[in-house]
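One-letter residues, chain by chain:
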Amino acid sequence: MSKITHWKNEQQAREEIKKLVIQYYHQFKEKKNAFTPGNRITYAARVFDEQEMCALTDATLDFWLTTGRFAEQFEKEFATWIGVKYAHLVNSGSSANLIAFSVLTAPELGKRQIKRGDEVITVACGFPTTVAPILQYGAVPVFVDVTVPQYNIDVSQLEKALSPRTKAVMIAHTLGNPFDLAAVKSFCDAHDLWLVEDNCDALGTKYTIDGQTKFTGTWGDIGTSSFYPPHHMTMGEGGCVYTSDPLLNRLILSYRDWGRDCICPSGYDNFCGHRFDGQYGELPQGYDHKYVYSHLGYNLKVTDLQAAIGCEQLKKFPSFIERRRHNWTRLYAALKPIEDKLILPQAAPNSEPSWFGFLISVRTEEGVDRNAVTKYVEQHNIQTRLLFSGNLIKHPCFDEIRGTDAYRVAGDLSCTDFIMNNSFWVGVYPGMTDDMIDYMAKVITEAVQQK
């Protein structure tokens, strides 16, 4: 039996435990081998070191488990970094989208409240949880086509999509490439529409309007992010909802935390000093404010263990962004010679993308077949992905509502269908080396040129 260590105090115990964690990381988790052609290249992976593992250890030893000091630290630091007044962690990017849409249905918003049957402009070419909250609430998504090679909403179709029932635009920035924020924001401002930026695939992207440069996710009314392992930074699971609007901030907290009316932080009672003296709804006078619910909400909080990892990831994040840009630029240059066979992606004007992936469309007129290309690339141990749903309304989840008034399409979705049939992407995550990028380019070139 091993000897029991008697520490002088808890701090000493923590430091000795973390020294062992650091040793464990370097012995068992640290990547030491250089890339060899043929090794597996995933489209994304976690990039971390002993600092994240030590932070996680600190949170584990706290054993607070739910939202706590690390979550509070991350929210403050993230809000400062991205440039908003308020940021709130949730348990996933999908939950962030759910909260972002839910708050727009709150009666406190008056005439701008989204009600059942109201319309929200979006796209079918993307990830389903950008659209799911709209349908789940009973609002009507209005699908607009996208453009190639930007792979974002075709802003020339916005006015055609508008109706007297339009209340919002809710769309994502595709794989780090921002949609035309200048046009979309101008459209929303002109028609008094909410703008929700699904920023899950574009965290760190910058966009300039009229000489002002800001991060994507901060131009609209609400921004959302995901911290799932493949994303720009990770907590394992996790997401964030952010805004600079005080009312929307209050609503985000309510809908995230069961729909409660109380603003007491987790673990605190009577934060406002009026816990037992209010009158709410038809409840008796003085009913405990901690159990007053002003909305039908959820419990979508993050754990402090996840937030602790995020605090360390945020410190590394600027270097992650730069490496993604480096990898994307290197891959673009390497594939430029076969541009007669491929449509290479283009950054949106006035933007500085934080790339999530490298999106490619094949030129069918040159006889290139997407499925043949991806099969060849995958056979050479390089992971590929399609652009998520391709065309969401073609999926089984639309079987029961296809052709009904549960949604509508403005114009046609010809580019969306083209992407569904002819596009794929590979990763540029910060753990990739130049050798990996060069090997990917070599294999993709071979795949395109195969007979």
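Details of the structure are given in the entry above.
Quick caveat, the model's predicted, so the values are computed rather than measured.

1. Focus on the pairing of strand E7 (residues 212-215)
Both strand E6 (residues 206-209) and E7 contribute to a ladder of four bridges, which runs antiparallel. Paired with Ile209 across the strands is Gln212, a residue of E7. In sequence, E6 turns back onto E7 through a hairpin of two residues, with Asp210 there showing a positive phi of about 50°.

2. Here's the deal with the side chain of Asp198
As for its placement among the helices and strands, Asp198 is situated in strand E5 (residues 194-198). Buried within the structure, Asp198 lacks any salt-bridge partner; Arg324 is the closest side chain of opposite charge, at an N-O distance of 14 Å. Apart from the residues lying within four places of it in its own chain, the contact partners of Asp198 are Asn97, Thr130, Ile171, Ala172, His173 and Thr224.

3. Thoughts on the sheet that holds strand E12 (residues 357-362)
Spatially, three strands are ordered E10-E12-E14 in an open sheet, and the strand pairing comes out antiparallel. Where the open sheet ends on each side, the last strands, each with one partner, are strand E10 (342-343) and strand E14 (423-427). Alignment of E12 against E14, held across five bridges, turns out to be antiparallel. Note that in E14 the partner of Ser361 across the bridge is Ser423. Sheet strands in contact with helix H9 (residues 304-335) are E12 and E14, and its direction is about 25° off that of E12. The strands touched by helix H10 (residues 370-379) are E12 and E14; relative to E14, the strand with the most contacts, the crossing angle is about 20°.

4. A word on unusual backbone geometry
Put simply, Val148 and Pro149 share a cis peptide bond, and its omega is 20°. Mapping Pro149 onto the fold places it in the loop between strand E3 (140-144) and helix H6 (158-161).

5. Description of the nonpolar core
If you look at the biggest cluster of nonpolar residues, it comprises 32 residues, and the most contacted ones within it are Ile121, Ile153, Val169 and Val184. Of all the secondary structure elements, the ones that give two or more residues to this core are strand E2 (119-123), E3, H6, strand E4 (166-172), helix H7 (181-191) and E6. At four residues, H7 tops the list of elements feeding residues into this core. Apart from residues lying up to four places away in sequence, Val184 is in contact with Ile153, Val155, Leu158, Val169, Ile171, Phe179 and Leu195. Ranked by size, the runner-up nonpolar core spans 31 residues in total, among them Phe35, Leu335, Val373 and Ile382.

6. Side note on helix H12 (residues 434-449)
Spanning 16 residues, H12 covers 23 Å between terminal C-alpha atoms, matching the ideal 22 Å at 1.5 Å per step. Met436, Ile437, Tyr439, Met440, Ala441, Val443, Ile444, Thr445, Ala447 and Val448 are the residues of H12 that are buried. Packing partners of the buried residues in H12 comprise H9, E10, E12, H10 and E14.

7. Section: the pattern of salt bridges
Considering all chains together, one arrives at 31 salt bridges under this definition. Put simply, Glu312 and Lys315 hold a salt bridge, and the shortest N to O gap is 3.0 Å. You can see Glu312 and its partner Lys315 sitting in helix H9, three residues apart, about one turn around the helix. Owing to a relative accessible area of 13%, Glu312 belongs among the buried residues under this scheme. Among the charged side chains, a network of salt bridges with common partners joins Glu10, Arg14, Glu15, Lys18, Asp58, Asp62 and Arg69.

8. Some details on the packing of helix H3 (residues 69-82) against H9
Closest axis-to-axis distance for the H3/H9 pair is 7 Å, and the angle between their directions is 25°. In terms of their interaxial angle, H3 and H9 are classed as roughly parallel. As H3 packs across H9, the resulting crossing turns out to be left-handed. Touching Arg69, Phe70, Ala71, Gln73, Phe74, Glu77, Phe78 and Trp81 of H3 are Asp304, Ala307, Ala308, Gly310, Cys311, Leu314, Phe317 and Ile321, all from H9. Its residues assigned to classes, the contact of H3 with H9 comprises 11 nonpolar, two polar and three charged.

9. Quick look at the packing of aromatic side chains
Under the defined criterion, the tally for this structure stands at 22 aromatic pairs. Ring centres of Phe35 and Tyr439 lie 5.7 Å apart, and the angle between their planes is 55°; on these two criteria the pair is classed as tilted. Of this pair, Phe35 sits in the loop between helix H1 (10-29) and helix H2 (50-62) while Tyr439 is found in helix H12, placing the two residues 404 residues apart along the sequence. Exposure class is identical for Phe35 and Tyr439. Each is buried. The side chain of Arg112 reaches across the aromatic face of Trp194, ending 3.7 Å from its centre. The ring centre of Tyr137 lies 4.8 Å from the NZ or CZ of Arg116, which sits over that ring.

Basis of the calculations
Residues numbered from 1 in each chain as written. Predicted model: local features only at pLDDT ≥ 70, side-chain atom pairs only at ≥ 80, totals over all residues. Heavy atoms only, no water. Pairing = 2+ DSSP bridges. Helix = DSSP H or I, 4+ residues; strand = E, 2+ residues; numbered from the N terminus. Buried < 20%, exposed > 50% of the residue type's maximum accessible area, 1.4 Å probe, protein only. Lys, Arg positive; Asp, Glu negative; His and termini not counted. Salt bridge = Lys/Arg side-chain N within 4 Å of Asp/Glu carboxyl O. Contact = heavy atoms within 4.5 Å. Axes fitted to C-alpha atoms, helices over the stretch in contact; angles between N-to-C directions. Core = buried A, V, L, I, M, F, W, Y, C linked by side-chain atoms within 4.5 Å. Expected span 1.5 Å × (residues − 1). Parallel < 35°, antiparallel > 145°, perpendicular 65-115°, else oblique. Left-handed = near helix turned anticlockwise from the far one by under 90°. Nonpolar A, V, L, I, M, F, W, Y, C, P; charged D, E, K, R; others polar. Phe/Tyr/Trp six-rings, centres within 6.5 Å; stacked < 30°, edge-to-face > 60°. Lys NZ or Arg CZ within 6 Å of the ring centre and 35° of its normal.

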